[in-house]
Amino acid sequence: MAKHSPARRRFDRLVGYRLETAAVSLFTGLLRNLPLDRASALGGKLAGAIGPRLAASRKAARNLSRALPELDEATRARVLAEAWENFGRTMAEYVHLPTLKTEWKGRVEMVGEEYLAALAQDGRPGIAVTGHFGNWELAALACALQGLELTFVFREPNNPHVAKRLADARSVLGGDMVPKGKAAAKGLIVAMRKGGHVGLLVDQKLNEGISIPFLGQEAMTGTVMADLALRFEAPVVPIRVTRLRDASGRFTARFRVQAFPPLEFRRTGDAPADTEATMRQVNDLLGDWVRDDPGQWLWQHRRWKD
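Everything numeric here is computed off the predicted structure, so don't read it as measured data. (Residues numbered from 1 in each chain as written. Predicted model: local features only at pLDDT ≥ 70, side-chain atom pairs only at ≥ 80, totals over all residues. Heavy atoms only, no water.)

Caption draft 1: Layout of the overall build of the protein chain. A tally of helices and strands in the protein chain yields 12 helices and nine strands. Put simply, the protein chain has 306 residues, and 46% of those count as buried. In the protein chain, of all internal contacts separated by at least 6 residues, the share reaching a separation of at least 24 is 77%. Counting only carbon and sulfur atoms, one obtains 54% of the accessible surface of the protein chain, whose full area is about 15,700 Å². (Helix = DSSP H or I, 4+ residues; strand = E, 2+ residues; numbered from the N terminus. Buried < 20%, exposed > 50% of the residue type's maximum accessible area, 1.4 Å probe, protein only. Contact = heavy atoms within 4.5 Å. Areas by Shrake-Rupley, 256 points an atom, 1.4 Å probe, with all protein chains shown as cover.)

So this is what it looks like as structure tokens:
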């Protein structure tokens, strides 16, 4: 097969980006013109129809089988269907983050907001930690509503036009964003040194991390949360987002956001051992959340080695 020149590859990439941007603009425009509940439901239906046909669904099925082998076939099928619906709803809700902010009290059952308020007001650097549960962006929005300006780590989409639209959608969350990679740790440390707060999603695979159990299976786990918490003696407040169901058990665009008391970590002076123990504790907590309602978690991610 003939190889294209660098100029041709750049041209093809540019055309692909333009087509992708046009499709994203058309779809987000449609969602923006729909009420939040209808937009969320549409996103869920589309993901529920398309998702199971994608390779990511096979990955999700493998993840579920190895992590929760006790589930029967019918339950696994239901969990996977819910995982796709939740993902689609969450994607569709991005354009309605301003609506979720203005309608917060009517749509969100907030529990433990006193822990977020204390984190914002104690004059110390701190960490808000969560995973990909429900609409996970609401954890950051809950912090913003309590006056917590978070520094986030993000992976910018390859398409710069789509990246800008995503950044615009997330602007309602406030705070600062640092790109994923080597610059991330430096940006987080700078924020903590200034007495600021960081928001971390810690349930994804990180090859540069350490291998510890997650849902009973060895998983490469990032240590930046433990490194920061132990280095700065910073409080770590876990936040769980749950998508609520209607009377028939179907997902809705209403939520419970629960903040918990700061985690207590062992500090022995053995930094590697303390880091591992800290991340084991966090993995155990997130694993309990997954087991409690597995359809709310993002199973499509490659969390474990195949």
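Caption draft 2: Structural context of the nonpolar core. Among the nonpolar cores identified, the biggest contains 41 residues, and I127, V198, F214, M225, L228, W299 and W304 are the most heavily contacted of them. Mapped onto this core, the elements with two or more residues apiece are helix 3 (55-67), helix 4 (73-93), strand 2 (126-130), helix 10 (182-193), strand 5 (197-201), strand 6 (205-214), helix 11 (224-232) and helix 12 (271-292). A total of six residues in this core trace back to one element, the largest contributor, which is helix 11. For L228, the contacting residues outside a window of four places in its chain are I127, L188, I189, M192, V198, E233 and A234. Membership of the second largest hydrophobic core comes to 30 residues, among which are Y94, L138, V257 and L298. (Core = buried A, V, L, I, M, F, W, Y, C linked by side-chain atoms within 4.5 Å.)

Caption draft 3: Broad picture of the pattern of salt bridges. On inspection of all chains with the given rule, the structure shows 12 salt bridges. Between E93 and R243 there is a salt bridge; the shortest N-O distance is 2.7 Å. Linking E93 in helix 4 with R243 in strand 8 (residues 236-245), this pair joins segments that are 150 residues apart in sequence. Across this residue pair, the class does not change: E93 and R243 are buried. Residue R245 is joined to D293 by a salt bridge in which the shortest nitrogen-to-oxygen separation is 2.9 Å. Of this pair, R245 sits in strand 8 while D293 sits in the segment after helix 12, placing them 48 residues apart in sequence. (Salt bridge = Lys/Arg side-chain N within 4 Å of Asp/Glu carboxyl O.)

Caption draft 4: Region of the structure containing a nonpolar patch on the surface. Side chains of F27, L30, L46, I50 and L54 sit close together on the surface and give an oily, nonpolar patch of about 410 Å² of accessible area. In this fold, L30 is placed in helix 1 (residues 6-32). (Patch = residues over 30% accessible without salt bridge, like charges linked within 9 Å, V, L, I, M, F, W, Y side chains within 5 Å.)

Caption draft 5: Looking closely at the packing of aromatic side chains. Summed over all chains, the structure comprises seven aromatic pairs. Each residue in the set F214, W297, W299 and W304 is aromatic and connected to the rest through ring pairs, giving one cluster. (Phe/Tyr/Trp six-rings, centres within 6.5 Å; stacked < 30°, edge-to-face > 60°.)

Caption draft 6: Structural detail: the layout of surface pockets. What the second largest pocket holds in volume is close to 160 Å³. Among the secondary structure elements, those contributing two or more residues to the lining of the second largest pocket are helix 2 (36-50) and helix 4. The element that contributes the greatest number of residues to the lining of the second largest pocket is helix 4, accounting for six residues. Class assignment for the residues of the lining of the second largest pocket results in six nonpolar, two polar and four charged. (1 Å grid on protein atoms, 1.4 Å probe; cavity = no way out; pocket = protein on both sides within 12 Å on 5 of 7 lines; lining within 4 Å. Points joined across faces, edges and corners; volume = space filled by probe spheres on them. Nonpolar A, V, L, I, M, F, W, Y, C, P; charged D, E, K, R; others polar.)

Caption draft 7: Spatial organisation of the packing of helix 3 against helix 4. Following both chains from N to C, one finds helix 3 and helix 4 inclined at 130°, their axes separated by 11 Å at the closest point. The orientation of helix 3 with respect to helix 4, classified from their angle, is oblique. For the crossing formed where helix 3 meets helix 4, the hand is right-handed. Side by side, helix 3 and helix 4 meet where A56, S57, A60, A61, L64 and S65 of the first sit next to R76, V79, L80 and W84 of the second. Of the residues in the contact of helix 3 with helix 4, the class split is seven nonpolar, two polar and one charged. (Axes fitted to C-alpha atoms, helices over the stretch in contact; angles between N-to-C directions. Parallel < 35°, antiparallel > 145°, perpendicular 65-115°, else oblique. Left-handed = near helix turned anticlockwise from the far one by under 90°.)

Caption draft 8: Just empty space enclosed by the protein, in detail. With the rule as written, the count across this model stands at one cavity of 30 Å³ or more. Put simply, the largest cavity is a space of about 30 Å³. As for the largest cavity, its lining consists of F133, R240, V241, T242, W289, D293 and Q296. The leading source of residues in the lining of the largest cavity is strand 8, at three residues. Along the lines of polarity and charge, the residues of the lining of the largest cavity split into three nonpolar, two polar and two charged.

Caption draft 9: Representation of helix 7 (residues 113-121) within the structure. Along helix 7, the residues that are buried comprise L116, A117 and L119. Buried residues of helix 7 fall within an arc of 160° about the axis and therefore sit on the same side. Where helix 7 is buried, its residues touch strand 1 (108-111), strand 2, helix 8 (137-145), strand 5, strand 8 and strand 9 (251-259). (Arc of directions from axis to C-beta.)

Caption draft 10: Structural detail: the packing of helix 10 against helix 11. Two elements in contact, helix 10 and helix 11, have axes separated by 11 Å at closest approach and are oriented at 30°. By the criterion of interaxial angle, the relationship of helix 10 to helix 11 is roughly parallel. Once helix 10 is placed against helix 11, the crossing between them reads as right-handed. Between helix 10 and helix 11, the contacting residues are L188, I189, M192 and R193 on the first element and V224, L228, R231 and F232 on the second.

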